[in-house]
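Given next are the chains, with one letter for each unit.
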Amino acid sequence: MQSPVEINSNTKIVGVIGHPIKHTLSPVMHNYAFNKLKLDFVYLPFNISSTELKDSLKGMIALGIKGFNVTIPHKERIVEYMDELSDSAKIVGAVNTVVNDNGTLIGYNTDVNGIINTLEEFKNEINGKTVSVLGAGGAARSVIYTLINHFNVKRINIINRTVEKAESLKDYFSSKMLFEKIKIYELIPPDVTEILAKSKLIINASSIGMSPEDDDSPTTIPESFNKNQIVFDIVYNPRKTVFLTLANEQGALTINGLKMFVAQGAKSFELWTGETMPTDQILELLSEE
Ligand SMILES: NC(=O)c1ccc[n+]([C@@H]2O[C@H](COP(=O)([O-])OP(=O)(O)OC[C@H]3O[C@@H](n4cnc5c(N)ncnc54)[C@H](OP(=O)(O)O)[C@@H]3O)[C@@H](O)[C@H]2O)c1
């Protein structure tokens, strides 16, 4: 791995805030791209707890940090602290990228770009079909918005551990996007097996399985999957989760979160630098890591 460009007093700082933050691959991706394009930027991870969120934003402005990504668990709560929001961030209700425009914090949602980029080749197959989304956090919001806005799906099942959170998402998208075809289920694997099996597309947008040490899966019941399905796990580290392995064994077409990760990062990169990230090289690099 190449080290970041030589740091000097002009070097512009960007980064990511989240908690926990140790599994993020964003610093590797962005610093590699800065290096490749010889941009005088450096990307740093900041471990920020929920109680520190508001103060950390003042710190970002005071230190002249040019922008940052936002990850678990801040994507939804940070919305209230933004001075301006992009159209998609406003509707989604979650921000994953912030631009600091001389003290004005502008929130964007580039996860939406990542989801479109990943699923675009399956657009015709998904159109008019039922999709099951596991999870009801910030990532699930972006997924549901994109499924309604871009992929014209027929019905969405939201399956989550905390049913109340899924219900509030259903109400949210019903009022914001006038989409009424959402059904809610509690994540009890035996109870949702048939629901999953009948879905054309299943998306794990929960954080289950999100670290190489985490071998948990939203379900371990093989009958949840079949060969007619597309199964997308937005987790990108590890590349092959237990969830995807199981779906793959049942003949489903499986997709991990790496392409989404690189595409959302590329959009953030463009917002901060005005330049195009070398995404093919980065995908190759991260696939090998
Ligand atoms: N590939 C990419 O580019 C990309 C982009 C964005 C996010 N992601 C990944 O997406 C995942 C979710 O991110 P997020 O921002 O939406 O997180 P979040 O807002 O914290 O939401 C986490 C979701 O996971 C559920 N969950 C967590 N632990 C669970 C467990 N042990 N059992 C059952 N449900 C559990 C939560 O359920 P409750 O509501 O019951 O708490 C909630 O629905 C993360 O793994 C993140 O890395 C990937």
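Residues numbered from 1 in each chain as written. Predicted model: local features only at pLDDT ≥ 70, side-chain atom pairs only at ≥ 80, totals over all residues.

**Things to note about the site of the ligand**
Around the ligand sit 28 residues in total, of which Gly 137, Ala 139, Arg 161, Met 210 and Gly 257 are the nearest. Looking at the shell around the ligand, the elements with two or more residues in it are α4 (111-119), α6 (138-149) and α10 (258-273). The residue inventory of the shell around the ligand, partitioned by class, reads 14 nonpolar, ten polar and four charged. Mapping the shell around the ligand onto the domain boundaries places at least three of its residues in each of domain 1 (12-109 + 260-288) and domain 2 (113-256). (Near = placed C-beta within 6 Å. Helix = DSSP H or I, 4+ residues; strand = E, 2+ residues; numbered from the N terminus. Nonpolar A, V, L, I, M, F, W, Y, C, P; charged D, E, K, R; others polar. Domains from an automatic or database assignment.)

**Considering the nonpolar core**
Burial of nonpolar side chains together is a common tendency in soluble globular proteins. Val 133, Val 143, Ile 144 and Ile 203 are the most contacted members of the largest nonpolar core, which has 79 residues in total. In terms of residue count, the dominant contributor to this core is α10 (eight residues). Each of two domains, domain 1 (12-109 + 260-288) and domain 2 (113-256), supplies a minimum of three residues to this core. Contact partners of Val 133, with chain neighbours within four places excluded, come to Ala 140, Val 143, Ile 144, Ile 156, Asn 157, Ile 158, Ile 159, Ile 203 and Ala 205. (Core = buried A, V, L, I, M, F, W, Y, C linked by C-beta atoms within 7 Å. Buried ≥ 20, exposed ≤ 12 C-beta atoms within 10 Å, placed from the backbone. Contact = placed C-beta atoms within 7 Å.)

**Observations concerning the domain arrangement of the protein**
The assigned domain composition of the protein is domain 1 (12-109 + 260-288) and domain 2 (113-256). For domain 1 versus domain 2, the distance between C-alpha centres works out to 24 Å. Among the secondary structure elements, those contributing two or more residues to the side of domain 1 that touches domain 2 are α3 (87-92) and α10. Among the elements that line the side of domain 1 that touches domain 2, the one with the most residues is α10, at five residues.

**Here we look at the packing of α10 against helix α11 (residues 279-288)**
Angle between the axes and distance between the axes are the two parameters that describe a pair of packed helices. Two elements in contact, α10 and α11, have axes separated by 10 Å at closest approach and are oriented at 140°. Considering the angle they form, α10 stands oblique to α11. Classified by chirality, the crossing of α11 by α10 is right-handed. Facing α10, whose interface residues are Leu 258, Lys 259, Val 262 and Ala 266, α11 presents Thr 279, Ile 282, Leu 283, Leu 286 and Ser 287. Residues of the contact of α10 with α11, tallied by class, amount to six nonpolar, two polar and one charged. (Axes fitted to C-alpha atoms, helices over the stretch in contact; angles between N-to-C directions. Parallel < 35°, antiparallel > 145°, perpendicular 65-115°, else oblique. Left-handed = near helix turned anticlockwise from the far one by under 90°.)

**Considerations on the environment of Met 260**
Take Met 260: it is sitting in helix α10. Here the alpha-carbon distance between Met 260 and Thr 118, two residues 142 residues apart in the chain, equals 5.7 Å. Beyond its immediate stretch of four places on either side in the chain, Met 260 contacts Gly 114, Ile 115, Asn 117, Thr 118 and Ile 234.

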